[in-house]
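One letter stands for each residue in the lines below.
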Amino acid sequence: MSQGTLFATGHSRGILPRALVKHFKLDVKISDQEDPVYKKNFPLAKVPAFVGPKGFKLNEIIAVTIYLLNLANDEKLLGKNAQEYAQILKWLSLANSELLPSLASAFKPLIGASPYNKKQVDDNTAYANKVANIFEERLANYTYLVGERLSLADLLATTSFLRGYDHLYGAQWRKQYPNITRWFKTIIKTPILSEFIGDYKFREKPVEYTPPKKEKKQQPKAEKAEKAPKPAAAAPAEPAQAPKPKHPLSLLPPAKTSIDEWKRTYSNEETREVAIPFFWEKIYNPEDYSLWKIICLHQIHVWFHGCFR
Ligand SMILES: N[C@@H](CCC(=O)N[C@@H](CS)C(=O)NCC(=O)O)C(=O)O
């Protein structure tokens, strides 16, 4: 009998649960947030989540990964005794509740996934580094976070640090945190994670904030034609070209926000957490765009386009 269904996508919290299912060859189906079973059971719409036989359901990454290890009958990754187990829980919580959220609040504005606010970026970068100091200190004297061998804490914390390396941790940061970096390189090569993040390319510099380009004001075409240099007096007179007919929408002023920016955010970022708030806060304004809801058979598509301004 199937052991259940895991709902985990490409988010950072999706990596480890999927890696555990794969590594331990669990009989667990992998699905995503579009699955009706997920929609029915998880009102917070967060991943990872898990549904097992007889109505068993679970969410929150720490609970889900511990449960997957139980399904795999693997006790090695959960420590040798109660103290080690408690230490593992401590590092899991520190990485998941302190490190990852502050990293996300620091890098998302830099990549345009949430509104930019310098103070927010600086404060969260500083806080993430403060949390990183605790890891750095431990890893200065030990290879792993708990005891002398790999545990769930190393695996999950590595996937949390991944977002830092993806966006913030350039060569300079890696020099300041040599022990975390040495440990990160070790853990991504372990059999459980290597297929998912083993071939990692480190970045040279942290990502820099680039303010969105202002769209060029559209000149009505007829106006451009007027400004074109006049032909030299001596040149033979050419028949005057009839101005191209104006497109009715070219009479409207350019939109203040860019639909392309929204499309990029929607494609690259977490939908509910980042893209949807970004749409309402930064993109949509009723003077420029109208929003259309088209109901087609059983699906609902929300469709909007500058054409309908
Ligand atoms: N407290 C939850 C947080 C889960 C969470 O925030 N997951 C993110 C992905 S890393 C998510 O599902 N965001 C909503 C979305 O992308 O739709 C946990 O620790 O598992």
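What you see is a predicted model; the values in this text were computed from it and never measured.

Draft legend 1. Just the overall build of the chain, in detail. Counting secondary structure elements, the chain contains 12 helices and six strands. Buried residues in the chain amount to 27% of all 309 residues. Within the chain, residue pairs in contact and separated by at least 24 positions form 66% of the contacts whose partners lie at least 6 positions apart.

Draft legend 2. Seen up close, the sheet that holds strand 4 (residues 57–59). Read from one edge of the open sheet, four strands run 2-1-3-4, paired in mixed fashion. Each of the sheet's edge strands pairs with one partner strand only, and the pair in question is strand 2 (28–31) and strand 4. Sheet twist, expressed as the mean angle between neighbouring strand axes with direction ignored, is 20 degrees. As paired strands, strand 3 (residues 49–51) and strand 4 are joined by three bridges and run antiparallel to one another. Opposite Ala49, over in strand 4, you have Asn59 as the bridge partner. On the sheet, helix 3 (residues 61–71) packs against strand 3 and strand 4 and is oriented at approximately 125 degrees with respect to strand 4.

Draft legend 3. Quick look at the pairing of strand 2. Of the pairings in the sheet, the one linking strand 1 (residues 4–7) to strand 2 comprises four bridges and is parallel in character. Looking at the pairing, Gly4 lines up with Val28 of strand 2. Handedness of the crossover joining strand 1 and strand 2 through helix 1 (residues 12–23) is recorded here as right-handed.

Draft legend 4. How the structure looks around the packing of helix 1 against helix 6 (residues 152–167). Between helix 1 and helix 6, the least distance of the axes is 9 Å, while the angle of their chain directions is 145 degrees. Seen along the crossing, helix 1 lies across helix 6 with a hand that is right-handed. Residues Ser12, Ile15 and Leu16 of helix 1 pack against Leu155, Leu156, Thr159, Ser160, Leu162 and Arg163 of helix 6. In terms of residue class, the contact of helix 1 with helix 6 is built from five nonpolar, three polar and one charged.

Draft legend 5. A look at the pairing of strand 1. Two strands pair when backbone bridges link them, and strand 1 and strand 3 are joined in this way by three bridges, in the antiparallel orientation. When the bridges of strand 3 are listed, Phe7 appears paired with Ala49.

Draft legend 6. Examining the confidence of the model for the chain more closely. Across the chain, the average pLDDT comes to 86, with 80% of residues at or above 70. The low-confidence segment residues 223–239, where pLDDT is below 50, has three contacts with residues more than four positions distant or belonging to other chains. Here residues 296–309 is a poorly scored stretch, pLDDT under 50, and it has 22 contacts once near neighbours within four places are set aside; other chains count.

Draft legend 7. Geometry of helix 1. Over its 12 residues, helix 1 extends 17 Å from the first C-alpha to the last, a length consistent with the 16 Å expected when each residue adds 1.5 Å. By the burial criterion, the buried members of helix 1 are Arg13, Gly14, Ile15, Leu16, Pro17, Ala19, Leu20 and Val21. On its buried face, helix 1 is in contact with strand 1, strand 2, helix 3, helix 6 and helix 9 (191–197). Lys25 lies just past helix 1 and shows a positive phi near 50 degrees.

Draft legend 8. Expanded view of the nonpolar core. Counting 54 residues, the largest nonpolar core has Trp91, Leu103, Ala153, Leu156, Ala157 and Ile180 as the members making the most contacts within it. In terms of residue count, the dominant contributor to this core is helix 4 (residues 82–107) (10 residues). Residue-level mapping places this core at the junction of two domains, with at least three residues from each of domain 1 (4–71) and domain 2 (76–197). If sequence neighbours within four positions are ignored, Leu103 has contacts with Ala128, Arg163, Gly164 and Leu168.

So, how was this worked out
Residues numbered from 1 in each chain as written. Predicted model: local features only at pLDDT ≥ 70, side-chain atom pairs only at ≥ 80, totals over all residues. Helix = DSSP H or I, 4+ residues; strand = E, 2+ residues; numbered from the N terminus. Buried ≥ 20, exposed ≤ 12 C-beta atoms within 10 Å, placed from the backbone. Contact = placed C-beta atoms within 7 Å. Pairing = 2+ DSSP bridges. Axes fitted to C-alpha atoms, helices over the stretch in contact; angles between N-to-C directions. Right-handed = clockwise from strand over helix to strand, strands pointing away. Left-handed = near helix turned anticlockwise from the far one by under 90°. Nonpolar A, V, L, I, M, F, W, Y, C, P; charged D, E, K, R; others polar. pLDDT = per-residue confidence, 0-100. Expected span 1.5 Å × (residues − 1). Core = buried A, V, L, I, M, F, W, Y, C linked by C-beta atoms within 7 Å. Domains from an automatic or database assignment.

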